[in-house]
Amino acid sequence: MPHEINLKRPKEDVLNISVIGAGYVGLVTAAGFAEVGNTVICVEKQADRLTALAEGRSPIFEPGLQEILGDLIKRDLLRFTSDIKESINASDVIFIAVGTPQGPGGKADITQLCDAAMEIAGCLQREKVIVIKSTVPVGTNELIANLVSDQLHKRKMDFSCTVVSNPEFLKEGSSLNDFRRPDRIILGSINSKAIQVLRTLYEPFSRNHEKIIVMSPRSAELTKYAANAMLAMRISFMNEIGVLAERVGADIEEIRIGIGSDPRIGPDFLYAGVGFGGSCFPKDLSSLISMGSEVGISMDLIKATTARNLEQRDRIVGEISSQFKTLVGKKIAIWGLSFKPNTDDTRDSPALHVIKKLLEKGANVCAYDPIVVLTNDDIDSHENFALADNAYDAVVDCDALVLMTEWKEFVSPDFAKISRLMNGKLVFDGRNIWSRSHVTLFGFQYFGVGRS
Ligand code: NAD
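Fair warning: this is a prediction, and the values are worked out from it, not measured in the lab.

1. Regarding the overall build of the protein
At step 1: Summing up its helical and strand segments, the protein has 17 helices and 14 strands in all.
At step 2: What you see for the protein is a C-alpha radius of gyration of 24 Å, in line with the 22 Å of a compact globule of 452 residues.
At step 3: Partitioning the contacts of the protein with sequence separation of at least 6, the portion at a separation of at least 24 is 72%.
At step 4: A total accessible area of about 20000 Å² is found for the protein, and carbon and sulfur atoms account for 53% of it.

In structure tokens form, the structure reads like this:
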């Protein structure tokens, strides 16, 4: 697909960049900046990720990424290393895109970020712009700036570095496209020189209209959390209205179309289902609650959003259980393991939660996902769990089919074939992608979410 990025940039606008962390954000950031002619070194600690990258293989599944990696490496625009020192000394701008997982008490754990900042500060030889891409609690920019400046002071270096907050808004599953065509580029800093460097770097991504929004680091940090919280709230809102719809004889899919057509509301993130998951929404909501509690604010909307989401995952388990006297010995097919389609990411995936609960209740589970290779020990080593090679193998002799992730390949399955292969006649559509009238034609009993 053609994109608007400018590959023919003046030499002086092309920079040397380091990206620390070759995960879902770091790898896409590194490839995205290399694609427009910058020279990028991506630093990664995990040996298996680095080995894959050294062979030109993407260690993560992200549409389009594998296709461009080899070419960027061949053109010397992108390379990978575990040697942070070599990378830092060769760069003008350093992006940090390491993980900030949920820590004890729900607070974001910024250990990886602090460690990376210390490693950077330990080898800096001249002034650079350090950019935080990771999602971090408010005040982290100052904390990292102080860490770096203390370390430089200890090393008797007579220069300083600016730390800019540049939260990332890409979506797994379309992250390369999102990086190439961002809706906005948030830069949190009061240092005009550093902002100018980043304006130059982002110029190819901001050509058809100005996308850069400059604000204070604290506002930039909170903007990222506010965006994710708003999106998560829309999903939980629809799930809550869906529960009501089921009770009062309405259909959440009709309601979604009815309210999504209002321009003040818009159609996105209004899908009822088995709830959100992934590496961002759940832990970012939890971090927001923790930030609020530190300053004496009970983040009630955020708490309710999380509670509704957890309840939603359990509701489908309850619904499946209620169709049987006992789940012991029943065989349940699960379609989809990733937390959403077009990614291999299973972090906090509703599918894994549901599978665990079904196994706890004594069911046998046979799952299929187009991409995911499970390495979750709790599940894949369970004696009652099996992974199928394809969607139809998963349903053989099953008592119920449960759709957990709306991969394209599941949108129009051959229900006649499924009916022949299955033992039972129960279909649970956790993402409302099928129509009751169609599924029931094949003798199935259909259960959607929020549909009476
Ligand atoms: P990830 O866990 O996939 O990747 C982080 C990588 O950093 C890992 O490969 C890890 O080995 C590496 N790493 C950690 N410390 C390192 C160091 N000192 N040197 C070299 N490598 C190091 O995480 P992710 O999903 O890419 O997320 C990164 C950050 O971006 C998080 O703060 C996340 O909240 C945020 N974010 C994620 C997404 C998303 O969709 N995944 C979207 C927007 C923002």
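2. Regarding helix H12 (residues 300-322)
At step 1: Helix length check: H12, at 23 residues, gives a terminal C-alpha distance of 32 Å against a target of 33 Å (1.5 Å per residue), a fit within 8%.
At step 2: All of the buried residues in H12 are Ile302, Thr305, Arg308, Asn309, Gln312, Arg313, Ile316, Val317, Ile320 and Ser321.
At step 3: Its buried side turned inward, H12 meets helix H9 (217-248), helix H11 (281-294), strand E9 (331-335), helix H13 (350-360), strand E12 (400-403) and strand E13 (426-429).

3. As for the pairing of strand E7 (residues 185-188)
At step 1: Here E7 shows no split at all, with Ile185 and Leu187 on one side and Ile186 and Gly188 on the other all buried.
At step 2: For E7 and strand E8 (residues 212-215), the ladder comprises four bridges, and the chain directions are parallel. Note that in E8 the partner of Ile185 across the bridge is Ile212.
At step 3: After leaving E7, the chain enters helix H8 (residues 192-202) and then returns to the sheet as E8, a path that is right-handed.

4. So, the environment of Leu124
At step 1: Secondary-structure assignment places Leu124 in the loop between helix H5 (111-123) and strand E5 (129-132).
At step 2: Residue class for Leu124 comes out buried when judged on its relative accessible area of 0%.
At step 3: Filtering out sequence-adjacent residues up to four positions away, Leu124 remains in contact with Ile88, Ile94, Ile130, Val148, Leu152, Arg155, Met157, Phe159 and Cys161.

How each quantity is defined
- Residues numbered from 1 in each chain as written.
- Predicted model: local features only at pLDDT ≥ 70, side-chain atom pairs only at ≥ 80, totals over all residues.
- Heavy atoms only, no water.
- Helix = DSSP H or I, 4+ residues; strand = E, 2+ residues; numbered from the N terminus.
- Rg over C-alpha atoms; globule rule 2.2 N^0.38 Å.
- Contact = heavy atoms within 4.5 Å.
- Areas by Shrake-Rupley, 256 points an atom, 1.4 Å probe, with all protein chains shown as cover.
- Expected span 1.5 Å × (residues − 1).
- Buried < 20%, exposed > 50% of the residue type's maximum accessible area, 1.4 Å probe, protein only.
- Pairing = 2+ DSSP bridges.
- Right-handed = clockwise from strand over helix to strand, strands pointing away.

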